[in-house]
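Residue-level structure breakdown
So the chains spell out like this:
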Amino acid sequence: MAARRPVAGPGALATCGLESILEALKLLLSPGASDSGSLQITKHDVLLATLSSNLSALEDKLLKDPHWKKLKLLRDEIANKAEWLQNSVDVTWSFTSQTLLLLLCLKETMIHLAADFSPGKPSLRTPEAAPALSPDTLSISQQKTVQSVLQFVVTFGVCPYLVPGVGVPLRCRTAFGAVVQDVVCLSAPPDATRRLYTSCRILLNIAHHTSLGSLIFCRHFGDIAAGLCQLGFCPTKRKPLKPEEEVLTEEERTFSREALRDILDQVYQPLAVRELLILQGGPPQSCTDEKTQVRCWAPAWLRRLCGQLLSERLMKPSGVQAVVRGILEGAGAGVAGGSDAEAMAADWKKCDLIAKILASCPQQSLSPEDYYRDICPQILDLFHFQDKLTARQFQRVATTTFITMSRERPQLASKYLLEPVLAPLHRCLNTAEIPESGMAPGTILVTEEELSRCIEDVFKVYVVGNEPLTVLVDSLLPVLGVLFSLYCFTKQSMSHIRSLCQEILLWILGKLERKKAIASLKGFAGLDKSVSSLPSLCQFRAAAQGGIMITIKETVCDEDEDEALYQKVSSEQCRVEHLGDLLSHCQECGLAGDFFIFCLQELTHVAMENETELKTKRFSSKSVLELEQHQTLVEGQGQKLLVLQLLAVLCERMSEQIFTNITQVVDFVAATLQRACASLAHQAESTVESQTLSMSMGLVAVMLGGAVQLKSGDFAVLKQLLPLLEKVSNMYPDPVIQELAADLRITISTHGAFSTDAVSVAAQSTLNRKDPEGKIEEQQQTSHEKNSNGSDLEQQQSREKSRQMGLKSHTPPIAQEVSASRTTTNHKSGSITTDQLQEVILSAYDPQIPTRAAALRTLSCWIEQREAKALEMQEKLLKIFLENLEHEDTFVYLSAIQGDMVSKYREPLIHTFLRGARDPDSAHRASSLSNLGELCQRLDFLLGSVVHEVTACLIAVAKTDHEVQVRRAAIHVIVLLFRGLSQKATEVLRDVLKDLYHLLKHVVRLEPDDVAKLHAQLALEELDEIMRNFLFPPQKLEKKIVVLP
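Computed from a predicted model, the values in this text were never measured in an experiment. What you see as residue numbers is a count from 1 along each chain, following the sequence as written. In keeping with the model being predicted, local features are shown solely for residues with a pLDDT of at least 70 and side-chain atom pairs are shown and tallied solely at 80 or more, while totals for entire chains, interfaces and linings include all residues. Each side-chain value is worked out from all heavy atoms of the structure, with water and hydrogens disregarded.

1. Focus: the overall build of the protein chain
The criterion, for reference: Here a strand is any run of E in DSSP of at least two residues, a helix any run of H or I of at least four, and the numbering for each starts at the N terminus. Burial status follows relative accessibility: with a 1.4 Å probe on protein chains alone, a residue under 20% of its type maximum counts as buried, one over 50% as exposed, and anything between as partly exposed. Each accessible area is a Shrake-Rupley estimate made with a 1.4 Å probe; only the visible protein chains count as cover when residues are assessed.
If you tally the helices and strands in the protein chain, you get 46 helices and five strands. Expressed as a percentage of its 1045 residues, the buried residues of the protein chain come to 46%. Counting only carbon and sulfur atoms, one obtains 53% of the accessible surface of the protein chain, whose full area is about 55000 Å².

Structure representation (structure tokens):
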């Protein structure tokens, strides 16, 4: 890159040291004395006078000082071999030339000293001693001197000669730079371009020395690169010049171009990218004097050149990382991963900029596919940095780039980005492509590291990126079954990828079209065999580092077939339960409600199918067709059981907010009505279905009763129920349900303009079941009342008619409450009649369980309301309650227990239950603890005197009892205790609250049973809520008004 290397005479080099050269450089940089007495002196005059004075002082020192004689000989020798004009009318160029000569002397001296240095052998006596430094090593103060000299050389010899738009102008840097720009005389020889070429070439020559090169490029790479760009690529005038008139020869321009590419390859690549971006230009820069103030952009040739050079940086190995680091480190974030990286990580705009750069195919690439083939592996590597702060920056860039490429070129992104990311999951599905040698039992298909990295990358792209592009969603669909199987496996043990799998599944289910989401859930549950899942010959296994790997399953021996069958059944049960857990997070979006309705519709289809009896013919006597039919029938039965199992899990896991809109409620009611009609057609009507039917009709009654503000569009949805309600009103055997169905049909048809008492009572009954303590107020009072006596007569006639027809009454609780409480609706205290009371008492002896329970609850309600007629017959009512306490059905005897007697019988009850907790029978112990929990839940402040005994019992049982059911019951007592006391817990349990807290933490850490752990976690959540409300009570904005006497 440099000119012919000058070699000093051996005598001069032998005696010239670094100290004299550095002293001469300091002399050139000395500030000098300014004439402060003159008011007319300016900064420009001071600068020129100082430069001239320093040059004269240097020459005098070289001529007169005998210690500098060798330095003068060396400088003169190098100056004689120099090929540039060293003296000029322009003082700034003379100063620059002398400085460059001294730097060349410094370089030659350092090379000579290093060549003559031979380090001695290390002493065996002191091996810890540091090795001797090379004599060409610069001290810290000497490095500072050289850096100052280089700063002046670049300021006087490079920056003033850059054309507008190339590099950062001196005026835009410092005030001193503006002064330098004014004092440089461009008209004096040598030409400005020749000065720029000389400065750049000599600096590159000096940079051949490693130490000096690092000092040059670490701070002045951008200015030198700008100069070389101008020298080698700036277009010349169109009119051809004569050879003698050309400032630069073609060889010199070629040298500049080659030198630029060489230094770009040599320096730290992020630095090269950053400086090229600055050269390419961002905002316009001020490049003229203050009078014009014209804003200049980088010229077109420079922008094209920088774009080409940046593309070359990008296409090199690790080029993506260099580009990312160059932009991030040059955007005010400091070094990637530095102290300011946290703020940088949150700036998505810069990530979008990088993504657009990486996603754009450069002109140097042969084709977009070639570019993607080279770049995409580097983009995927950005996901896997270990340093936390650097990783966060790079991962955001990688995610944004991944999404941008998928949006702009989905086919190439699918081939070179998505397929490599999802390859470990596809490997499980494409086992047919694996050679037989790789299918031996125990063979690892996917290693722990591969699977963990796959799941983490999918999470970063899909969930963090959160762009539901078609190519992204479609690429994930084939492996959803494997992902769900992995999620189920992680639920059985501790794994760091469990939450990632759950978030990925929730994301894709939320972004899919509802039909596709339901189809995927069907595949998860096993209802749709077309959805790909983990092949039967593969299995998940816990890995050594705490992760999960996929292996070939061991062959099952004949003796292990029963165990394999058990594992299969239990696995299916776990899948259904884990699906319920997953859907519990999908209630707000409505997916859980839609899938619940789908299961109900599947149940309806099951009810509508013709039941074919299993033939008892032996398998040996069956034909192939009969065997196939038998197999189909068995599979159908398994499908029915699976649907029922799904409904059971969903009913257990889902909350009451499962339905998010009117349409879902109507679909649920329609599915229930269809199943009821199908059951009637097959004469398979049951009590459970009757209760479900009554509940669904009660929901419609609640909506029509005013609990929901219905619009005209909602009534259009409700009208879908009219044909089904008509069928129920005509076919259902129970007259109460018939009447309610007919009334609902009328109310829907009239858009709520006409409503009967039956609809209002059904709505109120449904609300009371949802909130038995009456916290939910009645939304709307009916305006149409029937005669109560006439209603009783109709009820009696209906019952007589049903008995005469020989039909069993399967009237569900809600319907029975409609009939039993028909006489109490809209009545105030003291308004019930003797006939009404006798009717309810008669219902209390009804053989049908729902009727009897409803009557008992009605009597309890009247007693609590202090109804006069009921109080007159309290002895008889007490006898009725006592008799029903002996009833075998829980629904009846629990309805009879409606009196708070715990305060009176506190002592004997507590002692009995505490003694029962020590019973040899584990069932008795668990039952006693359950009763103790119910009792403590109601005692409130009465628990204070025995709280220590109860706590000691619970701690002992929870820690020492060997039966898991008993330990569960003990922990559940604490849950009930916290729930019952609520905010009173801090006062009632203040002496034992710490002991209970330690017990719960002990259970969470050491208890092997998951159910007991769950109870303990629930108790901790209750305690957390209690303490939060105690420490941070809700602020009430209220004004206190005091009435003065």
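Read on, since the account is not over.
2. Some details on the UniProt feature "domain: RNA polymerase II assembly factor Rtp1 C-terminal" (unreviewed entry) in the protein chain
Test applied: UniProt positions are given in the numbering used here, feature names are shortened, and annotations may be inferred rather than shown by experiment.
Mapped onto this numbering, the UniProt entry gives "domain: RNA polymerase II assembly factor Rtp1 C-terminal" (unreviewed entry) at residues 837-915 and 993-1025. Between the C-alpha atoms that bound residues 993-1025 the distance is 14 Å, and the span itself is 91% helix and 0% strand.

3. Here's the deal with the pattern of salt bridges
Note the cut-off: Salt bridge, as used here, is a side-chain nitrogen of Lys or Arg placed within 4 Å of a carboxyl oxygen of Asp or Glu.
The tally for this structure, following the rule as stated, stands at 27 salt bridges. Here Arg514 makes a salt bridge to Asp594, at a shortest N to O gap of 2.4 Å. On the criterion of sequence distance, the pair formed by Arg514 in helix 23 (residues 514-525) and Asp594 in helix 25 (residues 591-608) is long-range, its members being 80 residues apart. Via salt bridges that share partners, Glu59, Lys72, Arg75 and Asp76 belong to a single interconnected network.

4. Observations regarding helix 16 (residues 368-381)
Worth spelling out the cut-off: Take the number of residues in a helix, subtract one, and multiply by 1.5 Å to get its expected span. Across the chain, bend at a residue is computed as the angle between axes fitted to the seven residues ending at that point and the seven starting from it.
Given a rise of 1.5 Å per residue, 14 residues ought to cover 20 Å, and the 20 Å separating the end C-alpha atoms of helix 16 matches this to within 8%. Along its length, helix 16 shows its largest kink, about 30°, at Ile375, and proline Pro377 lies within four residues downstream of that point. Of all the positions in helix 16, only Tyr371, Tyr372, Ile375, Cys376, Gln378, Ile379 and Leu380 are classed as buried.

5. Brief notes about the packing of helix 42 (residues 947-960) against helix 43 (residues 964-981)
Angle between the axes and distance between the axes are the two parameters that describe a pair of packed helices. The criterion, for reference: Angular values range over 0 to 180 degrees, each being the angle between N-to-C directions of two axes fitted as lines to C-alpha atoms, with helices fitted over their stretch in contact. Left-handed describes a crossing whose near helix is turned anticlockwise from the far helix by less than a right angle; the clockwise case is right-handed. Any two residues whose heavy atoms approach within 4.5 Å are treated as being in contact. Residues were grouped as follows: Ala, Val, Leu, Ile, Met, Phe, Trp, Tyr, Cys and Pro as nonpolar; Asp, Glu, Lys and Arg as charged; and all remaining residues, including Gly, as polar.
Taken N-terminus to C-terminus, the directions of helix 42 and helix 43 make an angle of 145°; their axes are 8 Å apart at the nearest point. Where helix 42 crosses over helix 43, the handedness of that crossing is left-handed. On helix 43, the residues touching Leu954, Val957 and Ala958 of helix 42 are Val966, Arg967, Ala970, Ile971, Val973 and Ile974. Taken together, the residues of the contact of helix 42 with helix 43 break down into eight nonpolar, no polar and one charged.

6. What to know about the side chain of Asp1009
Here is the rule: We call two N or O atoms a polar contact when they sit within 3.5 Å, provided that within protein one can donate a hydrogen and the other can accept it, with sequence-adjacent residues counted only if both atoms are side-chain atoms.
Mapping Asp1009 onto the fold places it in the loop between helix 45 (993-1006) and helix 46 (1010-1031). Looking at Asp1009, its side chain comes within polar contact range of the main-chain nitrogen of Val1011, at 3.4 Å. Aside from chain neighbours lying at most four places away, what touches Asp1009 is Val964, Arg967 and Arg968.

7. Some words on a nonpolar patch on the surface
Here is the rule we go by: The patches described consist of residues with a relative accessible area above 30% and no salt bridge, like charges being joined within 9 Å and nonpolar side chains (Val, Leu, Ile, Met, Phe, Trp, Tyr) within 5 Å.
Nonpolar side chains collect at one region of the surface, where Leu878, Leu882 and Leu885 lie side by side and expose about 260 Å² of accessible area between them. Note that Leu878 resides in helix 38 (residues 874-885). Here Leu878 falls in the partly exposed class, since its relative accessible area comes to 44%.

8. A word on the nonpolar core
Nonpolar side chains in soluble globular proteins tend to be buried together. Defined as follows: By nonpolar core is meant a set of buried Ala, Val, Leu, Ile, Met, Phe, Trp, Tyr and Cys residues that side-chain atoms within 4.5 Å join together.
Ranked by internal contacts, the top residues of the largest apolar core, which has 223 residues, are Leu476 and Phe595. Within the second largest apolar cluster, 42 residues are counted, among which are Ala917, Leu929, Leu943 and Leu981.

9. Describing the side chain of Arg253
Short version of the rule: Counted charges follow a simple rule, with Lys and Arg positive, Asp and Glu negative, and His plus the chain ends left uncounted.
Among the secondary structure elements, Arg253 is positioned in helix 10 (residues 250-266). Of the side chains with opposite charge, Glu250 comes closest to the buried, unpaired Arg253, at an N-O distance of 4.3 Å. In this structure the side chain of Arg253 is engaged in a polar contact, spanning 3.5 Å, whose partner is the backbone oxygen of Leu231. Residues within four places of Arg253 in sequence aside, it is in contact with Leu231, Gly232, Phe233, Cys234, Thr236 and Leu248.

10. A word on the packing of aromatic side chains
So the rule is basically this: What counts as a ring pair is set by centres within 6.5 Å for rings of Phe, Tyr and Trp (its six-membered ring), and what kind of pair is set by the plane angle: stacked under 30 degrees, edge-to-face over 60, tilted for all other angles. Placement of a positive charge over a ring is assigned whenever Lys NZ or Arg CZ falls within 6 Å of the ring centre and within 35 degrees of the normal to the ring plane.
Within this structure, the stated rule accounts for 16 aromatic pairs. Look at Phe95 and Phe156: their rings are 5.6 Å apart centre to centre, the planes differ by 70°, and that puts the pair in the edge-to-face class. Pair noted here: Phe95 is in helix 5 (residues 91-116) and Phe156 is in helix 6 (residues 140-157), with a separation of 61 residues, a long-range link. Taken as a pair, Phe95 and Phe156 share a single burial class, namely buried. Joined through ring pairs, the aromatic side chains of Phe95, Phe152, Phe156 and Phe176 make up one cluster. Taking NZ or CZ as reference, Lys61 lies 5.4 Å from the ring centre of Trp68, over its face. In this structure, Arg201 is placed above the aromatic ring of Phe255, and the distance from its NZ or CZ to the ring centre is 4.2 Å.

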